[in-house]
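# Residue-level structural notes
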Amino acid sequence: MTETRRLQLHLGKCIEDLDKLHNVPDLKSKRATLLCKTAQKLFEKAEEERDRGDEENSYVYYMKYLRVVAFISKDKEYLKDKTYFNNMLGAKNPNKAIDAAEKLKKSLIDRYAKEQKEKWLHDIKENELIKQKIDENRKKALESIPVHEQPQSLGLPGPDEVTIKSEQLYSILKSGKLKVMILDARPGDDYLESHINYPACISIPKECMSPGQSANALEQNLPAASRPVWGERATMELIVMLDWNSTAVIPGETLHLLKTILLKWDVKVHYARPPLALYGGYEDWLLKYPAFTTNPHAVPPSQDSMLDDMLGEIDYPNWSDLNPSPPPVQTTPPRPAKPGEPVIDRSSKMAAVQLYEERARNMQLILEEQERIADTSLTLEMQRIEAEQDWEKVREQREQEPRDELRALYRLREQEILSQLMQLENKQFDMEQENQSLREQLEEYQKREREEAEKLAETLRKATNAQVDAQAAEAAARRTAVEAAARELAARRARIADVREQHRQLDRRREALELQRKRKLADARRAAKPQEDDGDTFMESAEDSSENQGLNRSQSSPNIAKAWGEEAPTFDRGTKPSKLAPVNDEPQRDFQPVWGDVGRGLTGLKNLGNTCYMNSIIQCLNNTAILVTYFCNKQYLEHVNRSNSTRGAIAEELAAVVRALWSGQYRFIAIKDLRNEVGKHQRAFRGNEQQDSHEFLTILMDWLHLDLQFSIKPPQKESLGAAERAWHEYTRCKESLVLRLFYGQMRSTVRCVRCGERSATYDSFSNLSLELPAAAARCTLQDCLNLYLNGETIPGWNCPKCKEKRDAVKKLDISRLPPVLVIHFKRFYVDPKEYMSNTYRKKQTYIDFPLENLDMSQFSLHCPGNPMYNLYAVSNHYGSMEGGHYTAYCKSSVYGKWYKFDDHVVTEIPATEVKSSAAYILFYTSCGRS
């Protein structure tokens, strides 16, 4: 068949598309005689299509024929009378079909490759023509402008605009009427190579910025040449930000991060207008005004993402170069390989095919995951826009509502929406971290492929002609797998690009809504009475809020303390059902309940003014099954201790709260009595400032232990080991259920590096407070435990054996595991750059922790009891030190499902949402495990 007779390709774009078409169904239900007739028809059809020039159809029919023949050869009827069935099939037809199918496959692979190459060249030519036309049009436009004519001023963008075009910026700079600052957020090396030739254009390197960073901290990281101009930012009438080629300010990207730092974390500066992004970035400026740059010959980086060139950089050896002429026919058996000569195992071809197909599948899985992340991110952006619009409506309704009761309810709804916004922002951050992890995996695949290609090329240079054939088969398998991955990549890249474009449109819409909301908010403030407060600190820019002064830790969103003060929403009790809690001899407590039938243990807690930290911990304890039973059946009354400083009051108030939460008759309650009792004994928990939930938990555990102490019979110390003896010295025969549940023991061993002398001490703990690995965006719980328990060198230890100071190694080991293991992550730290002002920062590290089967045996010293733990509660912190919010995720012991406790709102969540970068305190239990 000649080349001119071949019909145009029409069934697929690659040989894999055809392989999906030659399946023959229902073979098992047919007799061998009928199958032979079917095979003969398929063979004739294949021959007919081949003569007609349709290679694709011919290949498919040949493959169908061979599949039917292969099935017949295993049939029992065939095995009984092979001669008869072979005559029906035609003795030479199977071999003829095999040869024809192999030739067609080779021809089709070459044609598909040629077609793809032609399409690629066509696209390049088409792009060149388009570029040429654009250049010609631009040249004609420039020639049509008289030399003496000055460019017409385009003026400033409108108040709703978030970008500025190069033509507008050029006109403003040339006029010199405005004080303009240009913040170049590209990498520092790119700025040095080329930037806008303007005195107030400074480098703000993207590598110097990080989420949650203040403007003051950023200034310390800037190049020395940028700091003087940066210090004048308050006097500027227009600030323009730019990167290489952005056309919008997208959350998670560099320009959005810089804009956030300027508007939210630059407290002392009030800007004339929000910073604008240069539309098209420096690439657009360089194209339009090369003479207004320090280096017009700078080359922008490729706009294609790392996904685009993942496979393009892999350079495979060219077989025609390595083996230009076919090897001579070998008439004698091959001689054994000489020492040092590579030995080729031709049987490894199938293994090579499987290996590279597996890698291709792994890359496709990563691409599918990135596509899922893009879709999820788009959904989160839509939810953020909807939440902000809802917030705006509720705020306006609250301001217009004359009745105090409804105003309080609207304020409660505002709190819900703002909490939702913080959590959506946190989820988007987690999506970015997950996407970064996938990018790193793709880079690893790319690196591995490149290294193996280089090794293969080196082997081929040393190999003989005969050995090259075997290596060629392996490389063909590699190339096939890589080409398949490339095709999958192209399709998914188009899908991801489409989602990203939708995301950009939503972001532009959200930016416009935010500007509109800020204008309305400013008008409302001017029209409001002096003593009135709108309670909005989360949505405001930092410069609009004066409540950032004098904070202890993080500030709840919104500023509920200021908005509510000590007031709580009041309700008309006459409209409530006549459903009352059981009467008892205990003091009456005002839980201010909102009635409603909910599941047991699924009642929310009202925010009384920045008390979300307290609510989060109470809900985690409220899902500790043994503790709940202890309080609900009133067994704790037998152990209330009136002789300590709190006189059992903390335990009594917590028990009352737990019983109310498990009554199943309230949607949510207020814990004013518990809060007041806590405030009597700890000044920090008395006011309306936000506090640290970990500090509250630690102090609460100690109070409950003292409130519920009971005496036990002292053991015989002579029969105890060192750890048990230390434990009983700590408890002094005074124990409690809280101590038995939550408290463990740590052994600290110091060993002299010179003589090996050891000294061990024991300390109790109610929670493990773990450091996070430095500069890690993601880590595992095991990483944190290893970091905590690994030995550290301490200098100047007084060795009792050496009788002088020596270097020693200090090692921690868990010598007693508690039934309930509480793990705290040290997310907050003092910024070393601002240590004089005691400024705290937060680590947004994503920590991967198991929901089930946490094995603590590897971290403990053969402790008695069960070392396997299951997670049942998480205390989360969203936001930063300047503004944050606490929630709790808890697994119900009754319903076996996970729920989110967000102050007064309780909702069911899937287990997949439990892990996030907001996780602050983990609660694990070994109770009830077999």
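Residues numbered from 1 in each chain as written. Predicted model: local features only at pLDDT ≥ 70, side-chain atom pairs only at ≥ 80, totals over all residues. Heavy atoms only, no water.

## A short note on the overall build of the protein chain
If you tally the helices and strands in the protein chain, you get 25 helices and 26 strands. Within the protein chain, the fraction of its 930 residues that count as buried is 46%. For the protein chain, long-range pairs separated by at least 24 residues make up 73% of all intrachain contacts whose partners lie at least 6 apart in sequence. For the protein chain, the exposed area adds up to about 47,900 Å²; of that, 50% sits on carbon and sulfur atoms. (Helix = DSSP H or I, 4+ residues; strand = E, 2+ residues; numbered from the N terminus. Buried < 20%, exposed > 50% of the residue type's maximum accessible area, 1.4 Å probe, protein only. Contact = heavy atoms within 4.5 Å. Areas by Shrake-Rupley, 256 points an atom, 1.4 Å probe, with all protein chains shown as cover.)

## Focus: the sheet that holds strand β2 (residues 180-184)
Spatially, the 5 strands line up as an open sheet ordered β1-β5-β4-β2-β3, and their pairing is parallel. Each edge of the sheet is formed by a strand with only one pairing partner; in this case those strands are β1 (163-164) and β3 (201-203). Helix α7 (residues 166-175) contacts β1, β2, β4 (238-242) and β5 (276-278) of the sheet and is inclined by roughly 135° relative to β2. (Pairing = 2+ DSSP bridges. Axes fitted to C-alpha atoms, helices over the stretch in contact; angles between N-to-C directions.)

## Re unusual backbone geometry
For Asn610, which is not glycine, the phi torsion reads 60° and is therefore positive. As for its position among the elements, Asn610 is in the loop between β7 (604-605) and α18 (612-622). On the basis of relative accessibility, which here comes to 3%, the residue Asn610 falls in the buried class. One non-glycine residue with positive phi stands out, namely Arg647, at about 55°. Mapped onto the elements, Arg647 comes out in the loop between α19 (625-632) and α20 (649-661). Accessibility expressed as a relative area gives 55% for Arg647, which makes it exposed.

## Remarks on the sheet that holds strand β6 (residues 594-595)
The sheet built from 3 strands is open, its strands ordered β6-β8-β7 with mixed pairing. On the outer flanks of this sheet lie β6 and β7, each paired with one strand and no other. Note: β6 against strand β8 (residues 666-669), 2 bridges, orientation antiparallel. Looking at the pairing, Trp595 lines up with Tyr666 of β8. With respect to the sheet, α20 is in contact with β7 and β8, its orientation differing from that of β8 by roughly 155°.

## Side note on the packing of helix α2 (residues 32-52) against helix α5 (residues 82-89)
Axis separation between α2 and α5 bottoms out at 9 Å; the angle between their running directions is 25°. Classified by the angle between their axes, α2 and α5 sit roughly parallel to one another. Taken as a pair, α2 and α5 cross one another with a handedness that is right-handed. Residues Ala32, Thr33, Cys36, Lys37, Ala39 and Gln40 of α2 lie in contact with α5, whose contacting residues are Phe85, Met88 and Leu89. (Parallel < 35°, antiparallel > 145°, perpendicular 65-115°, else oblique. Left-handed = near helix turned anticlockwise from the far one by under 90°.)

## Things to note about helix α21 (residues 672-681)
Within an α-helix, residues lying three or four positions from one another point in the same direction, as the helix has 3.6 residues per turn. For α21, the set of buried residues is Leu674, Arg675, Glu677, Val678 and Gly679. Here the buried face of α21 lies against α18, α20 and α22 (693-707).

## What to know about the environment of Pro864
Mapped onto the secondary structure, Pro864 falls in the loop between β21 (854-855) and β22 (868-879). Judged by relative accessible area, Pro864 falls into the exposed class, the value being 65%. Taking the C-alpha atoms as reference points, Pro864 and Ser815, 49 residues apart in sequence, are found 9.1 Å from one another.

## As for the packing of aromatic side chains
For the structure on display, the rule yields 20 aromatic pairs. Aromatic pair Phe631 and Tyr636: ring centres 5.4 Å apart, planes at 70°, arrangement edge-to-face. Residue class for Tyr636 comes out buried when judged on its relative accessible area of 2%. Each residue in the set Tyr170, Trp285, Tyr289 and Phe292 is aromatic and connected to the rest through ring pairs, giving one cluster. Sitting over the ring of Trp244, Arg186 keeps its end group 4.7 Å from the ring centre. (Phe/Tyr/Trp six-rings, centres within 6.5 Å; stacked < 30°, edge-to-face > 60°. Lys NZ or Arg CZ within 6 Å of the ring centre and 35° of its normal.)

## Re the packing of α20 against α22
When two helices pack together, their arrangement is given by the angle between the helix axes and by the axis-to-axis distance. Contact geometry for α20 and α22: axes closest at 8 Å, N-to-C directions at 105°. Judged by the inter-axis angle, α20 sits roughly perpendicular to α22. Note on element contacts: α22 touches α20 through Leu700, Trp703, Leu704 and Asp707, opposite Ala649, Ile650, Ala651 and Leu654. Taken together, the residues of the contact of α20 with α22 break down into 7 nonpolar, no polar and 1 charged. (Nonpolar A, V, L, I, M, F, W, Y, C, P; charged D, E, K, R; others polar.)

## Considering α20
With 13 residues, α20 extends 18 Å from end C-alpha to end C-alpha; this agrees with the ideal 18 Å at 1.5 Å per step. Counting buried positions along α20 gives 12 out of 13 residues, so the element sits mostly inside the fold. For α20, the set of buried residues is Ala649, Ile650, Ala651, Glu653, Leu654, Ala655, Ala656, Val657, Val658, Arg659, Ala660 and Leu661. Tucked inside the fold, the buried residues of α20 contact β7, α18, α19, β8, α21 and α22. (Expected span 1.5 Å × (residues − 1).)

## Some details on the pairing of strand β11 (residues 744-752)
Among the 9 residues that make up β11, 7 are buried, leaving the element largely enclosed by the rest of the structure. Looking at chain direction, β11 and strand β12 (residues 758-765) are connected through 8 bridges and run antiparallel. Within β12, the residue paired with Thr749 across the bridge is Ala760. The turn joining β11 and β12, which pair antiparallel and follow one another in sequence, is formed by 5 residues; a positive phi near 85° is taken by Gly756. Examined bridge by bridge, β11 and strand β16 (residues 804-816) share 8 bridges and lie antiparallel to one another. Bridging from a neighbouring strand, Gln745 pairs with Arg816 of β16.

## Side note on the state of the cysteines
What the rule picks out here adds up to 0 disulfides. Free cysteine Cys779: the closest other cysteine sulfur is in Cys784, separated by 3.9 Å. Exposure remark for Cys779: the relative accessible area of 6% places this residue in the buried category. (Disulfide = S-S within 2.5 Å.)

## A closer look at a nonpolar patch on the surface
A surface patch of nonpolar side chains, about 290 Å² in accessible area, is lined by Trp120, Leu121 and Ile124. Residue position: Leu121 is located in helix α6 (residues 93-144). Since its relative accessible area comes to 37%, Leu121 is described here as partly exposed. (Patch = residues over 30% accessible without salt bridge, like charges linked within 9 Å, V, L, I, M, F, W, Y side chains within 5 Å. Salt bridge = Lys/Arg side-chain N within 4 Å of Asp/Glu carboxyl O.)

## Some details on the pattern of salt bridges
Applying the stated criterion across every chain yields a total of 20 salt bridges. Measuring nitrogen to oxygen at the nearest pair gives 3.1 Å for the salt bridge that ties Arg111 to Glu55. Note that Arg111 is positioned in helix α6 and Glu55 in helix α3 (residues 55-72), a separation of 56 residues in sequence. Given a relative accessible area of 14%, Arg111 falls into the buried group. Residue classification places Glu55 among the buried residues on the basis of a relative accessible area of 5%. Put simply, Asp284 and Lys288 hold a salt bridge, and the shortest N to O gap is 3.3 Å. Of this pair, Asp284 and Lys288 both sit in helix α12 (residues 281-288), separated by 4 residues, roughly a single helical turn. Judged by relative accessible area, which is 16%, Asp284 ranks as buried.

## Quick notes on the confidence of the model for the protein chain
Summing up the model confidence of the protein chain, the mean pLDDT is 77 and the portion of residues at 70 or higher is 70%. pLDDT under 50 marks residues 145-154. Its contacts with residues more than four places away, or in other chains, come to 6 contacts. Long-range and interchain partners of residues 303-349, a stretch whose pLDDT sits below 50, account for 66 contacts in this model, where long-range means more than four residues apart. (pLDDT = per-residue confidence, 0-100.)

## Some words on the side chain of Asn607
Looking at the secondary structure, you find Asn607 in the loop between β7 and α18. One polar contact links the side chain of Asn607 to the main-chain amide nitrogen of Thr611, over a distance of 3.2 Å. Within the structure, Asn607 has its side chain in polar contact with the side chain of Asp903 (distance 3.0 Å). (Polar contact = N/O pair within 3.5 Å; in protein donor to acceptor, adjacent residues only side chain to side chain.)

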